[in-house]
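Now for the letters of each chain:
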Amino acid sequence: MMEPLKVMYFSPVAASHGHDEIFAQMALNHKLPDTEVHITSMPETEGRFSHIEFRSYEAMVTRGIIRAARQAALEGFDAFAIGCFYDTALHDAREISGDMVVTAPCVSSCEIAASLANRFGVIVGRRKWVNQMGATVREHGHGHRLSGFYHVELGVTEFQLDHSETERRLVEAGRKAVEEEFAEAIILGCTMEVGFYRDLEKRLGVPVIDPSIAALKRAEHAAILKKQCGWKPSRRWSCEAPPEDEITRIGGFDEGDAFGNRIVVQAADPARSTA
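What you see is a predicted model; the values in this text were computed from it and never measured.

1. Details of the pattern of salt bridges
On inspection of all chains with the given rule, the structure shows 18 salt bridges. A salt bridge links K176 to E180; the shortest N-O distance between them is 3.6 Å. Of this pair, K176 and E180 both sit in helix α6 (residues 163-180), four residues apart, which is roughly one turn of the helix. Judged by its relative accessible area of 36%, K176 falls in the partly exposed class. In this structure, K217 engages E220 in a salt bridge whose closest nitrogen and oxygen atoms are separated by 2.5 Å. You can see K217 and its partner E220 sitting in helix α8 (residues 211-229), three residues apart, about one turn around the helix. Linked through salt bridges whose partners overlap, the residues forming this network are E165, R168, R169 and E172.

And the structure:
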């Protein structure tokens, strides 16, 4: 029998903030039967962040994302998804991922939305995020498809507190995007907006992309292509990885725990086990 696909979804915040169970349920609901998904998060030694809305927070967790991606590659994972819509450290993690494919929510969501519509809007939590996320969308080559960003003034940690209020704000922003600015699809611009997309699709009448699911499924798809077609990350020119002897000499890449928590969503088995 073929070995199961192995995908890791890494949440770049501390495990103590309780996001892992939410993403484990998402993976359980959406992964293919023969895919094994590990939901992991940042160890407390890398910082007790509950969100990384600020660039300074992002800069501080970048080291942890790189270490996590490297450890996942060493453990033989086929693909790795970084669980933040800023696509934090995406290029950095790709550089040291070996044969493991690395993706993230923004790039994944834009690719999926572009396959379903010519024009999409992104609903974000706070106005603060728009400048940076706009640059990310443009970097990924989708700026010409963007109808705009629509903020609902909820922080990362607030989306899951009152689901009815969150949905009300998301619907209001979505209607503005679709009815006033002619968006043909909607992307939810934060992984903590997980769980709302189906109801929004019914109410807005357009595809609504959940970025956490998008990142997981893009990672899973990359893992399939790797297994079936042998398509692995390039290591030429700009994709060159740092020399292993230099990594060893510098230190800091492999010492200590790379993960603060790990929930394993088993292949071909709905039961979860915590490691």
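2. Some words on α6
Given a rise of 1.5 Å per residue, 18 residues ought to cover 26 Å, and the 25 Å separating the end C-alpha atoms of α6 matches this to within 8%. Within the span of α6, buried status applies to T166, E167, L170, V171, A173, G174, A177 and V178. Summarising the contacts, the buried residues of α6 are in contact with β5 (120-124), β6 (146-151), β7 (185-188) and α7 (197-204). Looking at the residues trailing α6, positive phi occurs at F182, about 65°.

3. Some details on the confidence of the model for the protein
A residue-level look at the protein finds 97% of positions with pLDDT of 70 or above and a mean pLDDT of 95. Scored below 50 in pLDDT, residues 270-275 shows 17 contacts in the model against residues more than four places distant or in partner chains.

4. Brief notes about the nonpolar core
Within soluble globular proteins, side chains that are nonpolar tend to cluster in buried spots. Formed by 88 residues in total, the largest nonpolar core has its most connected members in F80, F120 and I186. Take this core: its biggest share by element is seven residues, from α8. The residues touching F80, leaving out its near neighbours within four places in the chain, are M8, F10, I65, A68, A69, A72, M100, V101, V102 and T103.

5. Considerations on the pairing of strand β2 (residues 35-42)
Where burial is concerned, most of β2 is hidden: eight out of the eight residues are buried. Where strand β1 (residues 5-14) meets β2, eight bridges bridge the pair, whose relative direction is parallel. Directly across from Y9, in β2, lies its bridge partner I39. Of the crossover connections in this fold, the one passing from β1 over helix α1 (residues 20-30) to the parallel β2 is right-handed. Here five bridges tie β2 to strand β9 (residues 261-265), and the two strands are oriented antiparallel to one another.

Calculation criteria
Residues numbered from 1 in each chain as written. Predicted model: local features only at pLDDT ≥ 70, side-chain atom pairs only at ≥ 80, totals over all residues. Heavy atoms only, no water. Salt bridge = Lys/Arg side-chain N within 4 Å of Asp/Glu carboxyl O. Helix = DSSP H or I, 4+ residues; strand = E, 2+ residues; numbered from the N terminus. Buried < 20%, exposed > 50% of the residue type's maximum accessible area, 1.4 Å probe, protein only. Expected span 1.5 Å × (residues − 1). Contact = heavy atoms within 4.5 Å. pLDDT = per-residue confidence, 0-100. Core = buried A, V, L, I, M, F, W, Y, C linked by side-chain atoms within 4.5 Å. Pairing = 2+ DSSP bridges. Right-handed = clockwise from strand over helix to strand, strands pointing away.

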